[in-house]
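Chains, contacts and geometry: an overview
Single-letter residue listing:
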Amino acid sequence: MKLKLFKKYFFTTALIIVFSFTVMMTILSFVLNNYLAKSKYETLSKCSVEVTDYLSQLSGGDLKAESFFKTIEALSSVSSVDIFLADSNGSVLICSCDEWMKDRKCSHSEHIIPKSELLDVGGKEAFRLDTLDIYDTPHYIASEPVKNSDGVKVGTVFSAAPVSAIRELMFTVTKLYLLSSVLPIVIMFFAIYLMTYKLTKPLKLMSEASKAMAKGDFSKRIPVTSDDEIGELAVSFNQMTNSLVQLEGMRKSFVANVSHELKTPMTTIGGFIDGILDGTIEPEKEKYYLGIVSEEVKRLSRLVQSMLSMSKLEAGEFVLKPELFDFRELLCNIVISQEQRIESKKIEITGLDEIQSISVNADKDLIHQVVYNLVDNSIKFANEGGNIDFKTVTDGKKIVFTIRNTGKGIPENELPYVFDRFYKVDKSRSANKNSTGLGLYIVKTIIKAHGGTVTVSSCENDFTEFSVTLPLA
C-alpha cells in the first residue's frame, strides 16, 4: 500500500532527525574518546615521568621501599592509575596497590612483564594499549626507563589505567546525551507533525475538491490560511474552480442557446412546409409563407456561419493575413451597403464625412466583419429617427474607432456580459430573427487576435457606444 504524502513527509523528516542525532552522537563519541585518551596519556605519562624523576633524585641511588611506596601510592590515588616499578628482567619490585604494602606482594608482582615491553622507550611512543601479561583486560600503558648515574638502564616505571574507566565515562556521557535529547526530540517530532499536517491538509482538501469536481460538484473551496506557496496554490485552485464554474455555466448556456436558436427557425420552417404539403395553407398564400421559410433558412445559415466563425476563432484556426488598406474606405463601403435599413428607420449619420484616410495593416476580411457587426448592431438597436455617430482618432501607432447610436441603451449591470456568446441584453430582443447573439463575441475575439481591445459604454434611454482600439501595424 502506497504511503500518503503526510506519512511520507513525516517519516522522512523524522528519519533525517534521528540520523542527524546519531551522526552527532558518533562524532561526539569519537571526539570525546580521543580527548579522554589524550588526557589519560598525559596523566599516565606525567605519573611515569614524576616517579622516574623522583628515583633519579634519590641520593646514591638508595631506594627505601616504604618511602617510595607512599610516594607512588599518593600519586596513584590522586591520578586513579596503577604505578609500579619493574627491574630489567620484568619482575615488579614495588607496586602502588594496597595489597603490595601488606605482604610486599600483589597480583601484579606475580607476573613477569614481557621483555618486549621493557624496551628503552619513553615519551609519546611509550603510550599504548596492552595487558603487560599482568591484566586480564587491555589497559592504557605509559612507561619510562629508570637509569643509574652512569646512564645504564636498571628498570622501568609503568603507569596503567583500565580502558573500562574511559568506557564507563563514555557510557555516562552517552546516557546524559540521550536523556537530554529526549525532550528536544519529542518537541521536534510534535512540531514536525503539526507542520506536516498544516502543509498537507490543503493538498488533501484539493484532492477531495478535484474528485468532487470530476462528479460535477463545483461548490468546494480551499480555505486560505497562509501567504506562502501553499496559500498561493490554494488561491490559484479557488480561482480555477471559479473559472470552471463560469465555463460550466457558459457551456450549459451555450447548449441551451444553440438549441433554442436552432429549434425556433426549424419549427417555423417545419410548420409552414407541413401546412403547404397538407393543404392547410391556401395555394394563393404559399408564396408568402415560402418567403418566410426562405428568411428562416437564411437565419439558420447566418447562425451556422457565425458558430463556425466562432469555433475557428476559439480554436486558433484563423490565420491572420495582414494587408494594407484604407480604414475610412472600408467603413464607408459598409455604411453604404446598409443605406436601405438606415433610411427605413430615418437614422441620421454623423461624423462619417470628418473621418480622414487612415492606412491600417491588418486582416481586411476580419476587420470588415468587425466593423460590419458593429454597424449592424447600431442600426438594429438605434431608435426610430435616431442618430449614429462615427469617430476615429490615431496617434500614429494605433487607431481608436468609435461608433455611438441613440436608443434604449444597455443597463449598467448588463454591460460586463455583452461580449459573451449568445448573450442578449433585452430578452424581448430574442424575437429579433436577425440576431444570433454571437456578433459582439466575434468582434471581441477578432480584435483580441489583432492585439487590440474593444469596450462598451451606455446610458439607458440615451445612447450606446462601442470603442475599438486597433494597432496600425
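Definitions and cut-offs
- Residues numbered from 1 in each chain as written.
- Predicted model: local features only at pLDDT ≥ 70, side-chain atom pairs only at ≥ 80, totals over all residues.
- Heavy atoms only, no water.
- Core = buried A, V, L, I, M, F, W, Y, C linked by side-chain atoms within 4.5 Å.
- Buried < 20%, exposed > 50% of the residue type's maximum accessible area, 1.4 Å probe, protein only.
- Helix = DSSP H or I, 4+ residues; strand = E, 2+ residues; numbered from the N terminus.
- Contact = heavy atoms within 4.5 Å.
- 1 Å grid on protein atoms, 1.4 Å probe; cavity = no way out; pocket = protein on both sides within 12 Å on 5 of 7 lines; lining within 4 Å.
- Points joined across faces, edges and corners; volume = space filled by probe spheres on them.
- Nonpolar A, V, L, I, M, F, W, Y, C, P; charged D, E, K, R; others polar.
- Pairing = 2+ DSSP bridges.
- Axes fitted to C-alpha atoms, helices over the stretch in contact; angles between N-to-C directions.
- Parallel < 35°, antiparallel > 145°, perpendicular 65-115°, else oblique.
- Left-handed = near helix turned anticlockwise from the far one by under 90°.
- Phe/Tyr/Trp six-rings, centres within 6.5 Å; stacked < 30°, edge-to-face > 60°.
- Lys NZ or Arg CZ within 6 Å of the ring centre and 35° of its normal.
- Salt bridge = Lys/Arg side-chain N within 4 Å of Asp/Glu carboxyl O.

With respect to the nonpolar core
- Ranked by internal contacts, the top residues of the largest apolar core, which has 43 residues, are Leu331, Val360, Leu374 and Phe390.
- Of all elements in the fold, only α7 (327–337), β8 (359–363), α9 (364–381), β9 (387–394), β10 (398–406), α10 (439–449), β11 (453–459) and β12 (463–471) reach the threshold of two or more residues within this core.
- Among the elements that take part in this core, α9 stands out by supplying seven residues, more than any other.
- With near-sequence residues (within four places) excluded, Phe390 lies in contact with Leu331, Val335, Ile349, Thr350, Gly351, Leu352, Ile355, Val375, Phe401, Thr402 and Ile403.
- By size, the runner-up hydrophobic cluster in this structure holds 37 residues, among which are Cys95, Cys97, Ile141 and Phe158.

Re empty space enclosed by the protein
- Evaluation of the coordinates by the stated rule reveals one cavity of 30 Å³ or more.
- By volume, the largest cavity amounts to about 70 Å³.
- In terms of lining residues, the largest cavity is bounded by Phe327, Ile367, Val370, Val371, Leu374, Ile399, Phe401, Ile447, Val468 and Leu470.
- Those elements that place two or more of their residues in the lining of the largest cavity are α9, β10 and β12.
- A breakdown of the residues in the lining of the largest cavity according to their chemical character gives ten nonpolar, no polar and no charged.

Describing the sheet that holds strand β5 (residues 153–162)
- Pairing within the open sheet is antiparallel, and its five strands lie in the order β2-β1-β5-β4-β3. Of all strands in the sheet, those bounded by a partner on one side alone are β2 (92–95) and β3 (128–130). Going from strand to strand, the sheet's axes swing by 35° on average, the running direction of each strand aside.
- Seen against the sheet, helix α4 (residues 163–214) touches β3, β4 (139–147) and β5 and runs at an angle of roughly 25° to β5.

Examining the packing of α7 against α9
- Remark: α7 packs on α9, axes separated minimally by 10 Å, with the N-to-C direction vectors making an angle of 45°. If you check the angle between α7 and α9, you find them oblique. The way α7 lies across α9 gives a crossing that is right-handed. Contacts between α7 and α9 involve Phe327, Leu330, Leu331 and Ile334 on the former and, on the latter, Lys364, Ile367, His368, Val371, Tyr372 and Val375.
- Residue classes in the contact of α7 with α9 are distributed as eight nonpolar, one polar and one charged.

Details of unusual backbone geometry
- In this model, Ser80 sits at a positive phi of 60°, which is unusual for a non-glycine residue.
- On the secondary structure map, Ser80 appears in the loop between α2 (65–79) and β1 (82–87).
- Take Ser80: its relative accessible area is 54%, and that puts it in the exposed class.

Some details on the packing of aromatic side chains
- Per the stated rule, a full pass over the model turns up six aromatic pairs.
- Connected via pairs of aromatic rings, a cluster forms that spans Phe272, Tyr288 and Tyr289.
- The ring of Phe463 is capped by Arg404, whose NZ or CZ atom sits 3.9 Å from the centre of that ring.

Observations concerning the packing of α9 against α10
- Axis separation between α9 and α10 bottoms out at 9 Å; the angle between their running directions is 145°. Relative to α10, the crossing made by α9 is left-handed. Contact with α9, carried on its side by Leu366, Ile367, Gln369, Val370, Asn373, Leu374 and Asn377, involves Gly439, Leu440, Ile442, Val443, Ile446 and Ile447 of α10 and no other residues of that element.
- In the contact of α9 with α10, the residues fall into nine nonpolar, four polar and no charged.

A short note on α7
- Listing the buried residues of α7 in full gives Phe327, Leu330, Leu331, Cys332, Ile334 and Val335.
- As for α7, its buried residues are in contact with β6 (322–326), α8 (339–344), β8, α9, β9 and β10.

Focus on the sheet that holds β12
- Spatially, the five strands line up as an open sheet ordered β7-β9-β10-β12-β11, and their pairing is mixed. Of all the strands in the sheet, just β7 (348–350) and β11 have a single pairing partner and so form its edges. Strand-to-strand twist across the sheet, computed as the mean angle between neighbouring axes with direction ignored, equals 15°.
- Two elements, β7 and β9, share three bridges in a ladder whose sense is parallel. Along β9, the bridge assignment pairs Glu348 with Asn387.

Some words on the layout of surface pockets
- Taken as a whole, the second largest pocket spans an internal volume of roughly 360 Å³.
- Every residue lining the second largest pocket is counted, twelve residues in all, and those nearest its centre are Lys4, Phe6, Thr200, Lys201 and Lys204.
- Sorting the residues of the lining of the second largest pocket by element identifies α1 (5–57) and α4 as the ones contributing at least two each.
- When residues in the lining of the second largest pocket are grouped by element, the largest group, nine residues, is from α4.
- Per-class residue counts for the lining of the second largest pocket are five nonpolar, two polar and five charged.

Focus on the pattern of salt bridges
- Applying the stated criterion across every chain yields a total of four salt bridges.
- One salt bridge connects Asp376 with Lys380, and the closest N-O pair in it is separated by 3.3 Å. One end of the pair, Asp376, and the other, Lys380, are both in helix α9, four residues apart, so they sit about a helical turn from each other. We note that Asp376, like Lys380, is buried.
- Put simply, Glu465 and Arg404 hold a salt bridge, and the shortest N to O gap is 2.9 Å. Taken as a pair, Glu465 in strand β12 and Arg404 in strand β10 lie far apart in primary sequence, 61 residues in all.
- Classification of Arg404 as partly exposed rests on a relative accessible area of 32%.
- Sharing partners across several salt bridges, the network here consists of Arg341, Asp376 and Lys380.

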